[in-house]
Amino acid sequence: MAIASGETCLVLGGGGVAGIAWMTGLLAGLADVGEDVTDADLLIGTSAGSTVVAQIGSGVALEGLFERQINPALQSKEIPVQLDLETFALDLGRVVTGAVSAEALRSRIGTFALAADTVPESERMAVIESRLPVHEWPSRRIQVVAVDAETGEPRIFDRHSGVGLVAAVAASCAVPGIWPPVSIDGHRYVDGGVRSSDNADLATGFARVVVLAPMGLNPPLLSAQSLTAAVDQLRRDGSGVTVLVPDPASVVAIGTNPLDPATRVPAAHAGRAQGRAGIPPP
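Just so it is clear, the structure is predicted and the values come from calculations on it, not from any experiment.

Peer 1: Any details on the overall build of the protein chain? Residues and values, ideally.
Peer 2: When its secondary structure is counted, the protein chain shows ten helices and eight strands. With the principal axes as the frame, the protein chain shows a C-alpha extent of 45 × 45 × 35 Å. For the protein chain, the proportion of its 282 residues judged to be buried stands at 54%. Nonlocal contacts in the protein chain, meaning residues at least 24 apart in sequence, comprise 78% of its contacts between residues at least 6 apart. Looking at the protein chain, you have 19 positive and 30 negative side-chain charges, and the mean spots of the two groups are 1 Å apart.

Here it is, written out as structure tokens:
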């Protein structure tokens, strides 16, 4: 694909409610110092990132989105989860042992997700609704990534897909084994992070790509494609790529359970402080 001169893609990866808060704070902090990247030509969101791209597309200013993370009266109604990332990663690793292809890996994780005992789908959908200021697709270009739990095939939702925004974001955020797969058009979908924690390779063809990766360059959760490989390929293809990962203070704020709603306030503030340092030079 030819590089689109001057076009920018903003890629937001997975990271639970802590990741949502950190990315929101980081974007607000960057805007504080005149480096707002939310006006990108395309926004790609995976899992937590799907929530943030939908929030950006809602038309609510970054300051308002930041307040929704730190103000208890405005925070979404989350369901607390006890999760240790390392243990969870080991469990998923056992599920995919012996998978010989990316498709097989995704399908095995999907089967695991379908069999898991979780909260009802309707309860989880209510959480996603509470996260989003607006429940309709915006007019700007937004893509949300999920994976078919039965076939392992990725699906990219946008405003032309015929699927509601809430359902698309819920599907992208359906962490396997933690949250229920989401029913859309007779299929069940799970977290887009099953394909890749960030799906940065979908930004192919853009002159500038900015990636926010709450789980870092080497996230603990297994996925079919690595962020490092995607970034290397984008650069070989001619894109200028910036990857922003949590600094040490943000790592502490995010903690070991990014699904814990209590991480939102510290992660948002840590992200904003990090953002105010500006985008580091390449």
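Peer 1: Run through the packing of aromatic side chains, naming residues and quoting values.
Peer 2: Aromatic rings considered in pairs are described by the distance between their centres and by the relative angle of their planes. Scanning the entire structure with this criterion turns up one aromatic pair. Ring geometry for Phe 157 versus Tyr 189: centroids 5.5 Å apart, planes at 75 degrees, classification edge-to-face. Note that Phe 157 is positioned in strand β4 (residues 154-157) and Tyr 189 in strand β6 (residues 187-191), a separation of 32 residues in sequence. A single burial state applies to Phe 157 and to Tyr 189, both of which are buried. Cation over ring: Arg 124 sits above Trp 179, and NZ or CZ is 4.2 Å from the ring centre.

Peer 1: Explain helix α3 (residues 62-70) to me, using residue names and the numbers behind them.
Peer 2: Buried residues of α3: Leu 62, Leu 65, Phe 66, Arg 68, Gln 69 and Ile 70, and no others. Its buried side turned inward, α3 meets α1 (16-32), α2 (48-57), α6 (121-131) and α10 (264-275).

Peer 1: Account for unusual backbone geometry, with residues named and values stated.
Peer 2: Phi at Ser 47 is positive, roughly 55 degrees, even though this residue is not glycine. Examined against the element boundaries, Ser 47 turns out to sit in the loop between β2 (42-46) and α2. Although it is not a glycine, Asp 185 sits at a positive phi angle of roughly 55 degrees. Following the sequence through the fold, Asp 185 ends up in the loop between β5 (182-184) and β6. Among the residues examined, Asp 185 registers a relative accessible area of 57% and is labelled exposed.

Peer 1: Any details on the pattern of salt bridges? Residues and values, ideally.
Peer 2: For side chains bearing opposite charge, pairing can occur when the charged atoms are close. Here the structure, examined in full by the defined rule, presents six salt bridges. For the salt bridge of Asp 32 with Arg 272, the shortest nitrogen-to-oxygen distance reads 2.8 Å. Here Asp 32 is found in helix α1, whereas its partner Arg 272 is found in helix α10, with 240 residues between them in sequence. Look at Asp 32 and you get partly exposed, because its relative accessible area is 38%. When the shortest N-O distance is used, the salt bridge between Arg 272 and Glu 63 registers 2.7 Å. On the criterion of sequence distance, the pair formed by Arg 272 in helix α10 and Glu 63 in helix α3 is long-range, its members being 209 residues apart. Classification of Arg 272 as buried rests on a relative accessible area of 7%. Here the residues in one salt-bridge network are Asp 32, Glu 63, Arg 272 and Arg 276, joined through shared partners.

Procedures and definitions
- Residues numbered from 1 in each chain as written.
- Predicted model: local features only at pLDDT ≥ 70, side-chain atom pairs only at ≥ 80, totals over all residues.
- Heavy atoms only, no water.
- Helix = DSSP H or I, 4+ residues; strand = E, 2+ residues; numbered from the N terminus.
- Buried < 20%, exposed > 50% of the residue type's maximum accessible area, 1.4 Å probe, protein only.
- Contact = heavy atoms within 4.5 Å.
- Lys, Arg positive; Asp, Glu negative; His and termini not counted.
- Charge placed at Lys NZ, Arg CZ, Asp CG, Glu CD.
- Phe/Tyr/Trp six-rings, centres within 6.5 Å; stacked < 30°, edge-to-face > 60°.
- Lys NZ or Arg CZ within 6 Å of the ring centre and 35° of its normal.
- Salt bridge = Lys/Arg side-chain N within 4 Å of Asp/Glu carboxyl O.

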